[in-house]
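Here's the letter readout for the chains.
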Amino acid sequence: MRRFLRPGHDPARERLKRDLFQFNKTVEHGFPHQPSALGYSPSLRILAIGTRSGAVKLYGAPGVEFMGLHRENNAVVQIHFLPGQCQLVTLLDDNSLHLWSLKVKGGVSELQEDETFTLRGPPGAAPSATQITVVLPHSSRQLLYLGTESGNVFAVQLPAFHPLEDQAISSDAVLQRLPEEARHRRVFEMVEALQEHPWDPNQILIGYSRGLVVIWDLQGSRVLCHFLSSQQLENVFWQRDSRLIVSCHSDGSYCQWRMVSDSPQPEPLRSCVPYGPFPCKAITKIFWLTTKQGLPFTIFQGGMPRASYGDRHCISVVHSGQQTAFDFTSRIIDFTVLVEVDPAAAFDDPYALVVLAEEELVVIDLQTAGWPPVQPPYLASLHCSAITCSHHVSNIPLKLWERIIAAGSRQSTHFSTMEWPIDGGTSLAPAPPQRDLLLTGHEDGTVRFWDASGVCLRLLYKLSTVRVFLTDTDPNESLSAQGEEEWPPLRKVGSFDPYSDDPRLGIQKIFLCKYSGYLAVAGTAGQVLVLELNDEEAEHAVEQVEADLLRDQEGYRWKGHERLCARPGPVRFEPGFQPFVLVQCQPPAVVTSLALHSEWRLVAFGTSHGFGLFDHQQRRQVFVKCTLHPSDQLALEGPLSRVKSLKKSLRQSFRRIRRSRVSSRKRRPAGPPGEVQEGSSRAERTGLQNMELAPVQRKIEARSAEDSFTGFVRTLYFADTYLRDSSRHCPSLWAGTNGGTVYAFALRVPPAERRMDEPVRAEQAKEIQLMHRAPVVGILVLDGRSVPLPEPLEVAHDLSKSPDMQGSHQLLVVSEEQFKVFTLPKVSARLKLKLTALEGSRVRRVSAARFGSCRAEDYGEHHLAVLTNLGDVQVVSLPLLKPQVRYSCIRREDVSGIASCVFTKYGQGFYLISPSEFERFSLSTKWLVEPRCLVDSAESKNRSHPRNGSGPEKSLGRARNSGSQSDGEGVLKEIQSTLEGDRGRVGTPTAQGCPSLGPDSPGPFVKVAQF
Amino acid sequence: MNRSFHKSQTLRFYDCSAVEVKSKFGAEFRRFSLDRQKPGRFEDFYKLVVHTHHIANTEVTIGYADVHGDLLPINNDDNFCKAVSSANPLLRVFIQKREEAEHCSFGAGSLSRRRRPLALREDGPRRRTHLHIGLPHDFRPVSSIIDVDIVPETHRRVRLYRHGCQKPLGFYIRDGTSVRVAPQGLEKVPGVFISRMVPGGLAESTGLLAVDDEVLEVNGIEVAGKTLDQVTDMMIANSHNLIVTVKPANQRNNVVRGSRASGSSGRSSDSIASRHSLPAAHVLQNLPPDEMESDEEADVVLEGVLEPRLAPRPPPGSLARVNGAGLAPGLHSPGREGSVQRLLSSLRSDPRHSLALPPGGVEEHGPAVTL
């Protein structure tokens, strides 16, 4: 009869599902991909960054973040805050202007686009006539002056962008009002600079690219004075006291002009080529800032000697005899200097230099001698070296947290102690309910530990595995290599360093035990390191072991890269995680899966050839198992054997990834994130109309055993369960391969008192061949209450209920195509969910997570969070394998985004939306980390501009700062209260962790079984 | 062969006391002769046969075709004598390996059944004593058109059944556009079409699918709104029992039905395929535990320590268990030792080298690009 029951719409369950699951993309961590513009509001103390994909991101005090996205997919060229207001104007590369404002709604500010405007010339005019080159928001807050390529300056009235034709300053008008001797200059060409008089709003400065600078009287419509330089003009700076004007030029020179009205000045007061006498590149921007001490700060971009340093990206700071050229590793997009804001103050007194480079944000403390950099609390360059893998650990014990921070603080001593100077707005988000770590592995062999608890992803500690190996370059040399006495006085700043010495160093898998402080890290050349947290510096030798995964196999030849050479003898390690064991797989193929059991002191690792188990207590290999199919030639020879050079192929593949990221829209334009709509396929259908010419074909063929990479070990999992019979449980190791095979080994771990004396033994107990032969991506054992087994040491630390060892355990095997539950110890199938057969999607990532209810404090359920190859995230119930909810999350074409996804154990997740940014999403109603902040300027309260219906429904762009919450205050308050409620509960023994599945993070355990 | 053929010619004409024997093992023939009057003992005959075929160390069963074309066994002196004496004029002898003779028993080769039954069973009478209730074991499903009474006349639902068949499925699909009748007139919609058939593949050999047929459903799930890659994955995941509903490009061979009324009460041979519902309903559909056992897709579970895979034959008596009762009958005979190994080896020696990699399956997780 059961089969005739309709799959249910149980209203109670539906209601419960609403309490448990909800999808939100909450915040983007990291550095915006391809930044293209920088803006800063001195009054709000908020920084704005525009990107080539049309995003605007605002950053203030840590936790204060806003993001807006232009509807057009055009690059943001300029960002200007309106003086003293919570409004900003952006200029896109399609010559459109957009007005954004921060509006307070329900107690938090939201960024929202109000107006858009494109400057139109008279009919028939050349497009360059209205091509905007410079934007000047006038201090009257009503006017925007727009300099154009034609040399005309237009004025528009805000906020409606109403063009004021009588206020426009045409180049002809300027020409007529110039004295006779200046008129011989042919044309003015484009406007390069527009500045307002420091204190007289009726005067503006207009600089034209041919070298003419005029001071224009807005009321009298006349030229107050003019300066003519012989070089192409790049930019102009008007000193605070208005008496001095500094212009910089394309030949690498800058000129000072004294501002004296009505007296023509044929020559500048002073002209200087800072890096002369040989030809120099242009100085594109200059600041001339006064100080109380008297000597000014001169800060300029560029101007380097063309022949020898023309390829450097430099900003020079000159002050009282000191000069430093800060040398950036990536192109400089823009920079600004933070100065005294009070208009009544007599001096600028600059305190910080903010530089937006293409790959990172660098802030330099100008008040401390030596001008040290300030460590940013956000905008971290995740991709200093390309990210190769990531691993998330929830709910870190305070002790480990403090030790990691302590180790990290010793690494960042070169940073300034200055408070973060960009501190506008207030963050209203509650303190993060728990401490979460996100670990990223990088191409250069480093592992970075990020504080992923809150909105700001902050670097805590950086671990380098390079010291264990012999490489071409000594890591110590690179820093001290910069000569002191060189001219120009270059100084490298920033951490972005995309160049890897040796691609074999790349980190592929990470596994951290949060209770014991043991860390396992595995890399591209088959290296597996086991590390232990040590608060002291230490010098010791790393024990090396070779694991020959092809021991019994004959006649195979590895044609891939060689294994890494370990450094012989003792090595000095700084405080932090220090390696003590190095296992090198032979052949040295990429480590594809890794599991660590800190209680049994075992580490399991797998490659495309097989897997092995290592006892890191006794430093002894327990066993190796080859998983190869004899016909699998590709795996035997190495995946890259047909490519000439490993380096080249890696480079090509990364280039391919980057290209694909650049070419595609990185953000999904969909409105409210909801259940998957048919609309997306609708859009694709129209695209299909054009595909008739060369149709793509797909072959329909059953999977066979001869597939390549069948031996590829995809997942490893330790469990204390009933492997052999239903009366005794024992430690076991489970391994799943790409060919749909699951191996189970029964382990015999000696009791603690004899742990060093007796060897750990392993014996193969079971082998399961899934008939559908799809790659096994996750293995999990559920206890008698159908709850995933806890992590090792979790019960010992009283953080989890001990698993139910009375009832019968169940084995969950997740392949790319199916979820399947088997009974233990007799492995017979109980349930399955054929995902691919039903939906055509395949599992890419799976992880068990605990979903808390937003209503009932103590209620929670364990389910599987699943990411498919279509970029959808789903929740599949445990143990009945019923699909609960499905949301579209990542574009299906975004292969690298899907591959980079990690789930947390409380229903959140991260994936890379660009090489440098993680998007954080949440499937849970309870665990949401999102920015909630308030930006308030005194003016914004009093301001009452007449506005025609610019309500939220008229907003042209979509802005986002609080996920997709728009239900108003009630919901927000509710979330806040639940979050606060959780904070109170952290650390109580009821907080139950749940193990994660999947190649990245095998899992959990209970306690050592004794035979 | 030539020589023996010549010899047999002479025998036929000049020596009437000799019986010409044509012995067949697999695809090989041997010819020899026996004395009609004194054929000798069965044991000697057995040795002779085994010797002439060079299969001395394999266990075989011997049968012959009697005058009615039935295949009868030769396993003792009596039926041997009967066989020789009734040969008219040629004695056709069929030799099979013993295990094959048991497994691919009758029924499968319907084409040649009229001429000779395929297999011999030495212990036939004993087996017949216990009756099987349920689907007959000696038949296997073949690819066919199903649900004729449910599917609209312009459509065709085809079950491609490949269990026990070594042929590849052998077809390709592509994106395309089809024309639908919509309220506002004809409307172009994207669709998935069969683009190519692999010569000699299962799809071609059934003759039920053709190039340019539009694929409408895969195992009861509509493909509308799904991408080509999704449909590919769905078909591959269902490849052991693939049911596709197509709209044939050639509409002339459609089944013509007598009356629609009778069709509505007609039986359906496949309950999944007969459902015309939204994909969403199927997402939630999950087989209850008691139905799991009848699912033909059973996994193989091996217990204990295994021989290395390279070893060609398993040692007798190794611990082996097959999970799931309804394993494909052609591959599985309960209670026989070593059947799992045979099953495994038959799976592993699958000759289809041409398997299409699932798109992105290996590339994304390949060692070259691992993020």
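Within every chain, residues take consecutive numbers counted from 1 along the sequence as written. Following the order in which they are written, the chains are lettered starting with A and the ligands numbered starting with 1. In keeping with the predicted nature of the model, local features appear solely for residues at pLDDT of at least 70, side-chain atom pairs appear and are counted solely at 80 or more, and the whole-chain, interface and lining totals rest on all residues. The basis for every side-chain value is the complete set of non-hydrogen atoms in the structure, without hydrogens or water.

## Description of the overall build of chain B
Phase 1 of the analysis: A tally of regular secondary structure across chain B gives eleven helices and 14 strands.
Phase 2 of the analysis: Split into buried and exposed, the 371 residues of chain B put 44% on the buried side. Each helix is a run of H or I in the DSSP string that is no shorter than four residues. Each strand is a run of E no shorter than two, and both are numbered from the N terminus. Only protein chains enter the accessibility calculation, which uses a 1.4 Å probe. A residue is then buried if its area is under 20% of the maximum for its type, exposed if over 50%, and partly exposed in between.

## So, the UniProt feature "domain: PB1" (unreviewed entry) in chain B
Phase 1 of the analysis: UniProt positions are given in the numbering used here, feature names are shortened, and annotations may be inferred rather than shown by experiment. UniProt tags residues 18-98 of chain B as "domain: PB1" (unreviewed entry).
Phase 2 of the analysis: Strand forms 42% of residues 18-98 of chain B and helix 27%; the C-alpha atoms that close the span are 29 Å apart.

## A few points about helix α3 (residues 77-86) of chain B
Residue and element names in this part refer to chain B.
Phase 1 of the analysis: All of the buried residues in α3 are N79, F80, A83 and V84. For α3, the angular spread of the buried residues around the axis is 140 degrees, confining them to a single face. The outward face of α3, more than 90 degrees from its buried face, is lined by the exposed residues D78 and K82.
Phase 2 of the analysis: Contacts made by the buried residues of α3 are with β1 (18-25), β2 (28-35), α2 (42-52), β3 (60-65), β4 (71-74) and β5 (90-97).
Phase 3 of the analysis: Polar contacts here mean pairs of N or O atoms no more than 3.5 Å apart (in protein, one a potential hydrogen donor and the other a potential acceptor; neighbouring residues in sequence count only if both atoms are side-chain atoms). Here α3 starts with a cap whose side-chain oxygen sits 3.2 Å from the backbone nitrogen of D78, and that cap is N76. Each C-beta atom gives one direction from the helix axis, and the arc is the one those directions make. Any two residues having at least one pair of non-hydrogen atoms within 4.5 Å are treated as being in contact.

## Notes on the UniProt feature "domain: Lethal giant larvae homologue" (unreviewed entry) in chain A
Phase 1 of the analysis: Within this numbering scheme, the UniProt entry marks residues 273-372 of chain A as carrying the feature "domain: Lethal giant larvae homologue" (unreviewed entry).
Phase 2 of the analysis: With 4% helix and 45% strand, the stretch residues 273-372 of chain A has end C-alpha atoms that lie 26 Å from each other.

## Digging into the pairing of strand β33 (residues 446-451) of chain A
Residue and element names in this part refer to chain A.
Phase 1 of the analysis: Extensive coverage of β33 is indicated by the burial of six of its six residues.
Phase 2 of the analysis: Judged by which residues are buried, β33 turns out to be covered on both faces: T446, R448 and W450 on one side and V447, F449 and D451 on the other are all buried.
Phase 3 of the analysis: The pairing criterion is simple: DSSP has to find at least two bridges between the two strands. For strand β32 (residues 437-442) and β33, the ladder comprises five bridges, and the chain directions are antiparallel. For L437, the partnering residue across the bridge sits in β33 and is D451.
Phase 4 of the analysis: Taking the residues between adjacent antiparallel strands as the criterion, β32 and β33 are bridged by three residues, where G445 takes a positive phi near 85 degrees.
Phase 5 of the analysis: Pairing geometry for β33 and strand β34 (residues 458-464), over six bridges, is antiparallel.

## Describing the nonpolar core
Phase 1 of the analysis: Among buried residues, those of type Ala, Val, Leu, Ile, Met, Phe, Trp, Tyr and Cys that are joined through side-chain atoms within 4.5 Å constitute a nonpolar core. Grouped together as the largest cluster of nonpolar side chains are 65 residues, with contacts concentrated most on W734, F819 and L864 of chain A together with F171, I173 and M235 of chain B.
Phase 2 of the analysis: For this core, the leading source of residues is strand β52 (residues 776-782) of chain A, giving six residues.
Phase 3 of the analysis: Sequence-distant contacts of F171 of chain B, that is, excluding residues within four places in its chain, are made with R698, K699 and I700 of chain A together with L160, I194, R196, M197, V198, A203, M235 and L242 of chain B.
Phase 4 of the analysis: Core analysis: the second largest hydrophobic core is formed by 36 residues, W288, L289, A325 and I364 of chain A among them.

## Topic: helix α1 (residues 11-20) of chain A
Residues and elements named next belong to chain A.
Phase 1 of the analysis: Looking only at α1, the buried set comprises K17, D19 and L20. With its buried residues spanning 160 degrees around the axis, α1 presents them on a single face. Every exposed residue of α1 that faces more than 90 degrees away from the buried side is listed here: P11 and R18.
Phase 2 of the analysis: Buried residues in α1 make contact with β1 (21-30), β56 (843-852), β57 (860-868), β59 (883-888) and β62 (917-924).

## Looking at the sheet that holds strand β18 (residues 233-238) of chain A
Residues and elements named next belong to chain A.
Phase 1 of the analysis: Ordered in space as β18-β19-β20-β21, the four strands form an open sheet in which the pairing is antiparallel. A strand with exactly one partner marks an edge of an open sheet, and here the two such strands are β18 and β21 (270-272). Going across the sheet, the axis of each strand differs from the next one's by a mean of 20 degrees, ignoring polarity. Each axis is a line fitted through C-alpha atoms, taken for helices only over the stretch in contact, and angles between the N-to-C directions span 0 to 180 degrees.

## Regarding the confidence of the model for chain B
Residue and element names in this part refer to chain B.
Phase 1 of the analysis: Confidence of the predictor in every single residue is expressed as pLDDT, which spans 0 to 100. Confidence in the prediction for chain B averages 66 pLDDT; 54% of positions are at 70 or higher.
Phase 2 of the analysis: For chain B, helix α9 (residues 279-284) is the element with the lowest average pLDDT, namely 33, and strand β10 (residues 214-218) is the one with the highest, namely 93.
Phase 3 of the analysis: What the predictor reports for the complex is a pTM of 0.75 with an ipTM of 0.75.

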